[in-house]
Amino acid sequence: MDAAMVTALAALLASPVAAAAAAYGSRGANRTAREGGAVTGYNSLTDQLQEERKELRTDVAALRAELAAEKSETVRLRLLVQQLGGTP
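First things first, this report covers the structure right here in the doc. (Residues numbered from 1 in each chain as written. Predicted model: local features only at pLDDT ≥ 70, side-chain atom pairs only at ≥ 80, totals over all residues. Heavy atoms only, no water.)

Topic: the overall build of the protein chain
Within the protein chain, the regular secondary structure consists of 1 helix and 0 strands. For the protein chain, the accessible surface area stands at approximately 7800 Å², while carbon and sulfur atoms represent 63% of it. (Helix = DSSP H or I, 4+ residues; strand = E, 2+ residues; numbered from the N terminus. Areas by Shrake-Rupley, 256 points an atom, 1.4 Å probe, with all protein chains shown as cover.)

As structure tokens, this is what we get:
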């Protein structure tokens, strides 16, 4: 075998090995991209839930303040009715 024949055989054998390495590397890259997408999606969902929770806490605080105002108005009106001689 001369050098040209060895080089040709080496090139023929290296091609499938390179193709297999590329396929394996691509598979790993796809898995990494999928996992990265899952983590990014989880973080995005967590951020959205935290924002909703913050908004809901604000809403609950406003509703509690409104309820307290309604209760104090009810007490005031009961006292007024009693002062005018009625029964609440």
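Examining a nonpolar patch on the surface
Taken together, the side chains of L77, L80 and L84 present a nonpolar region at the surface, about 290 Å² in accessible area. Considering the arrangement of structural elements, one finds L84 in the segment after α1 (3-83). (Patch = residues over 30% accessible without salt bridge, like charges linked within 9 Å, V, L, I, M, F, W, Y side chains within 5 Å. Salt bridge = Lys/Arg side-chain N within 4 Å of Asp/Glu carboxyl O.)

Focus: the pattern of salt bridges
In the structure shown here, the tally under the stated rule is 1 salt bridge. The shortest N-O distance in the salt bridge between E73 and R76 comes to 2.8 Å. Of this pair, E73 and R76 both sit in helix α1, 3 residues apart, which is roughly one turn of the helix. Judged by relative accessible area, E73 falls into the partly exposed class, the value being 33%. (Buried < 20%, exposed > 50% of the residue type's maximum accessible area, 1.4 Å probe, protein only.)

Some details on a negative patch on the surface
A cluster of acidic residues, D47, E51, E52, E55 and D59, forms a negative patch on the protein surface. Its place among the elements puts E55 in helix α1. (Lys, Arg positive; Asp, Glu negative; His and termini not counted. Charge placed at Lys NZ, Arg CZ, Asp CG, Glu CD.)

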